[in-house]
Structures are given as C-alpha cells and as structure tokens.
Amino acid sequence: MQRRRRGVDVGLILLFSQVFQVGLENIPPVTLGTLALNVFLFLKPLKPLLKVCISVDQGYYQKDWQRLLLAPVHHANDWHLYFNMVSLLWKGIKLERKLGSVLFGYIIAVFSVLIGIVYMVLEFALAGLLNDPSYKMNCAVGFSGVLFALKVLNNHHHPGGTSNIMGIRVSSRYACWLELVAIHLCSPGTSFAGHLAGILVGLMYTLGPLKMLMKATAGGFSYFNDSVRQRDYYSDFSAGSHSNERRPYGFWFPSEQLSEEEMRRQRLNRFERW
C-alpha cells in the first residue's frame, strides 16, 4: 500500500527550514548525505511501505533481506521524517565532528543493518515468550532505531549531561531507557522492539565487542584509533572555545526543547515506527 499523502507536507517544509537555518556548509558530509537520502526516498520511495518494512515474517521467513537496507531509510509520513531527521542533525553534527566522516559513515551503515537483525530477534523472542505469533508480523520502518543507537554513542562520547523526559531530569546515561518506556506508553504505534534494538546495538558498540569486530572487519584502519581523528572542513567550527558544542548557527533543535518521547507521541500512523 502506498503512503497516504494529503495536502502540503508541513513536516518536510519545516525540515528544509531547519536545514537551511543551519546552513548546508555547516552540516558534515555523512550527516547531510544520510539526511538527503531519507528525504529523497520519502519523496520518491523505491517501493510501497509494505514492501520495505522489516518483520520476522518478511525478513526471515520470506528471505527478503533487502528490507534490512530499505526499512531504516523509509518513513511513514512527513512528521515521522521530520522528527527523525532533526534528531539526526543534532546527533550527526556532534558525532561526525567527534569521530570523523569515515568512521561515522561506517557506523551508520553497520548500525542500520544490525538493528534490523536485532529487531527481528527481539520480535521472534516475544512471539515465543508470549505465545503470540502476531509479533512476527509486526512490520517497522524509519530511522529511529539508528537514532537510539546514536544516542547511546553520543552519551558515551559526551558524558555527564542530563535530559528532561516528561518533566523528569535524568542523567543522559539512563535517558534512553526512560524514553524507551515513555514513548511506548504515550505513542503505542511506535516500535518498542525497534527502539530497544537501537539501544542494544549502541551498547554492543560502546561496551561490547561490536567496535572491535568492526575494526577487524575494516582492517584496523587508523580512524578507529582514538588518538587519530579525521579532520574535515567543518572542524574549524569547533576550534577555539569548546562552547562550539553550542548551536553556532542560531539553529533551534526541537530535540533540545522536547524529549524524543514528546516529539514522537505527536505522530500517528498504521505502521510501527522506529
């Protein structure tokens, strides 16, 4: 079934406004490219959503493995796209500046596929534990799973912060867990398993063996060495005062005003959303 399009895509207009407010020259290349890909596939989807969403039934039983690549970069509606991409801008600018474009792009690619696999494992486990085969049919689309993984990674590289979740101040170290529960309670249409998969993959990278496996697979390139950072053109924006973790472009990030839970509960769609 094709995505329903009604009237003007206000979320898309707001997203363009945010991007141009930041300035294209101020957005690191992998972050900008990932955002552009998601927008392009929203405007020109490769297939209907039911043909790209990931589920145990379609991914594992039907062996439609291309869904692991397609599901993260397709979105249910313009607001789904808007909130995910604004969150990507905030996290991407910080992390790509910290890690460098090569490593950040590698992380995005691996996380996108691995989260889909972990999502299917979780849904399969829920189907068995609860004796409810409908979990194997849950079909999810969207970039939110990757964003939860990036949230874990961002908190790892920028420790000590706090987040406001529904009026509750909590250490950023635990914020993703509280948001996971809050989003599911306030917006049942979102994918609990998809978001949890993102957190688990993030933890596998920061605390588990995933980073070492990725390093070994990549042949031990120097960009995995914490003492060697790729220097891109945008690094000049972080020179001098470290207050440039600031918003140097007068950019309003809704994710800094609202928690991700408060943003996502505004979205309604028949698909599970990451």
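Residues numbered from 1 in each chain as written. Predicted model: local features only at pLDDT ≥ 70, side-chain atom pairs only at ≥ 80, totals over all residues. Heavy atoms only, no water.

As named in an unreviewed UniProt entry, the protein chain is Rhomboid-related protein 4, taken from Chelydra serpentina.

**Description of the environment of L50**
To be explicit about the condition: Helix and strand definitions follow DSSP, with helices as H or I runs of at least four residues and strands as E runs of at least two, each counted in order from the N terminus. Exposed residues in this analysis have more than 50% of their type's maximum accessible area, buried residues have under 20%, and partly exposed residues fall in between, with area computed by a 1.4 Å probe over protein chains only.
Tracing the sequence through the fold places L50 in the loop between α2 (29–43) and α3 (56–61). Classification of L50 as partly exposed rests on a relative accessible area of 36%. Spatially, the C-alpha atom of L50 lies 9.2 Å from that of V141, the residues being 91 residues apart in sequence.

**Quick look at the UniProt feature "transmembrane region" (unreviewed entry) in the protein chain**
Applicable threshold: UniProt positions are given in the numbering used here, feature names are shortened, and annotations may be inferred rather than shown by experiment.
UniProt's entry tags residues 99–122 and 174–205 with the feature "transmembrane region" (unreviewed entry), counted in the numbering of this structure. For residues 99–122, the helix share is 96%, the strand share is 0%, and the end-to-end C-alpha distance is 30 Å. Between the end C-alpha atoms of residues 174–205 there is a gap of 16 Å, over a span that is 84% helix and 0% strand.

**Quick notes on helix α1 (residues 10–22)**
Filter applied, for reference: An expected span of 1.5 Å times one less than the residue number is assigned to each helix. Note that the arc is computed from the directions linking the helix axis to the C-beta atoms. Here a residue-residue contact requires only that any non-hydrogen atoms of the pair lie within 4.5 Å.
For α1, with 13 residues, the first-to-last C-alpha span of 19 Å sits near the 18 Å given by 1.5 Å per residue. Every buried residue belonging to α1 is among G11, L12, L15, Q18, V19 and V22, and all of these are buried. For α1, the angular spread of buried residues about the axis comes to 120°, placing them on one side. Away from its buried face by more than 90 degrees, α1 exposes I13 and F20. Those residues of α1 that are buried lie in contact with α2 and α5 (78–99). The first or second residue beyond α1 is G23, which carries a positive phi of 100°.

**Some remarks on the pairing of strand β3 (residues 168–171)**
Regular strands place their side chains on alternate faces of the sheet. Applicable threshold: At least two bridges found by DSSP between two strands are what make those strands a pair.
Looking at chain direction, strand β2 (residues 162–165) and β3 are connected through four bridges and run antiparallel. Bridging from a neighbouring strand, S163 pairs with V170 of β3. Linking β2 back to β3 in an antiparallel pair, the connection comprises two residues, with M166 at a positive phi of about 55°.

**Description of the packing of aromatic side chains**
Each aromatic ring pair is characterised by the separation of its centres together with the angle its planes make. In plain terms, the rule: Under the pairing criterion, centres of Phe, Tyr and Trp rings, with the six-membered ring standing for Trp, must be within 6.5 Å; the plane angle then separates stacked pairs below 30 degrees from edge-to-face pairs above 60, leaving the rest tilted. Criterion for a charge above a ring: Arg CZ or Lys NZ at most 6 Å from the ring centre, at most 35 degrees from the ring normal.
The full count for this structure, using the stated rule, is five aromatic pairs. Pairing W79 with Y82 gives two aromatic rings, centres 5.8 Å apart and planes at 90°, and the pair type is edge-to-face. Linking W79 with Y82, this pair stays in helix α5, spanning three residues, or about one helical turn. The class of W79 is partly exposed, set by a relative accessible area of 33%. Overall, Y82 belongs to the buried group, its relative accessible area being 4%. Between the aromatic rings of F111 and Y205, the centroid separation amounts to 5.7 Å while the plane-to-plane angle is 80°, which identifies the pairing as edge-to-face. Residue F111 is found in helix α6 (residues 101–129), and its partner Y205 is found in helix α9 (residues 192–206); the two are separated by 94 residues along the sequence. Three or more aromatic residues joined by ring pairs form one cluster here, namely W79, Y82 and F83. Across the ring face of Y60, the terminal group of K63 is positioned such that the distance to the ring centre comes to 4.5 Å.

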